[in-house]
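Tertiary structure, described
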Amino acid sequence: QKEVEQNSGPLSVPEGAIASLNCTYSDRGSQSFFWYRQYSGKSPELIMFIYSNGDKEDGRFTAQLNKASQYVSLLIRDSQPSDSATYLCAFSGYSTLTFGKGTMLLVSP
Amino acid sequence: GAGVSQSPSNKVTEKGKDVELRCDPISGHTALYWYRQSLGQGLEFLIYFQGNSAPDKSGLPSDRFSAERTGGSVSTLTIQRTQQEDSAVYLCASTDGGTDTQYFGPGTRLTVL
């Protein structure tokens with residue numbers, strides 16, 4: 001069974017720090033990996049996707065993928081209180097995405 | 001352009017009643033997904049439609065759940081004889097079929113009393 005593992009948190013960081021969110025997945029055949037942000041009471045919104053090993057940067061966000069280790073991470077630089085949310089990792093399967101349960105991030109002012 | 005829309009935003013029903021939830025995907029998106037998210041839990045895949053292909057119903061939790069997609073666009077998720085454990089947020093997402101990137105609607109919060 002395909003699985004995605006994430007630490008449920010909460011991960012607490014002070015404003016301005018780097019937040020590091022991690023995710024491992026079970027399906028070696030997965031090609032696409034996604035990070036979604038979900039604010040309380042809201043639906044998930046896409047932050048980034050990554051297909052290739054290495055780093056992908058978009059503004060304050062950097063996704064890192066290591067297919068050999070089946071590991072994907074999300075770094076958030078200069079964390080802001082508005083980044084406080086649950087971050088969902090997902091990978092592509094045969095017909096849909098498999099989502100982790102998410103890591104709650106709390107950024108304190 | 002317009003995103004994925006869902007209606008109603010909230011639905012309160014009594015145990016044993018049937019409910020219908022609606023999803024209108026992004027225009028031109030060929031793939032449509034339904035998920036369920038219980039309080040504090042992750043996303044549970046329910047069903048997937050891709051174009052005119054037979055839907056992937058592997059995630060439906062029981063035969064009380066069904067879904068259809070008319071004209072390759074709007075989809076309706078029907079839950080018959082609702083139970084209290086059906087209470088959750090039901091999310092719909094769509095993709096253009098060429099990528100795996102899913103865009104979510106705002107969800108329908110279903111409460112079964």
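Note: the structure precedes this text.
What counts and what doesn't
Residues numbered from 1 in each chain as written. Chains lettered and ligands numbered in written order. Predicted model: local features only at pLDDT ≥ 70, side-chain atom pairs only at ≥ 80, totals over all residues. Heavy atoms only, no water. Salt bridge = Lys/Arg side-chain N within 4 Å of Asp/Glu carboxyl O. Buried < 20%, exposed > 50% of the residue type's maximum accessible area, 1.4 Å probe, protein only. Helix = DSSP H or I, 4+ residues; strand = E, 2+ residues; numbered from the N terminus.

1. Some thoughts on the pattern of salt bridges
By the definition in use, this model includes six salt bridges over all chains. A salt bridge links Glu45 of chain A to Arg37 of chain A; the shortest N-O distance between them is 3.2 Å. Glu45 of chain A gets classed as partly exposed once you look at its relative accessible area, which sits at 32%. Among the residues examined, Arg37 of chain A registers a relative accessible area of 16% and is labelled buried. A salt bridge links Asp24 of chain B to Arg22 of chain B; its shortest N-O distance comes to 4.0 Å.

2. Re unusual backbone geometry
Working note: non-glycine residues mostly have negative phi, and peptide bonds are mostly trans. In this chain, Gly9 of chain A is followed by Pro10 of chain A through a cis amide linkage whose omega measures 10°. Mapped onto the elements, Pro10 of chain A comes out in the loop between β1 (4-5) and β2 (11-14). Note that the residue after Ser7 of chain B, namely Pro8 of chain B, is joined by a cis bond; omega there is -10°. Positive phi outside glycine occurs at Gln70 of chain A, with the angle close to 55°. Residue placement: Gln70 of chain A occurs in the loop between β7 (61-66) and β8 (71-76). For Gln70 of chain A, a relative accessible area of 12% translates into the label buried.

Fair warning: the whole summary comes from geometry, so function is off the table for now.
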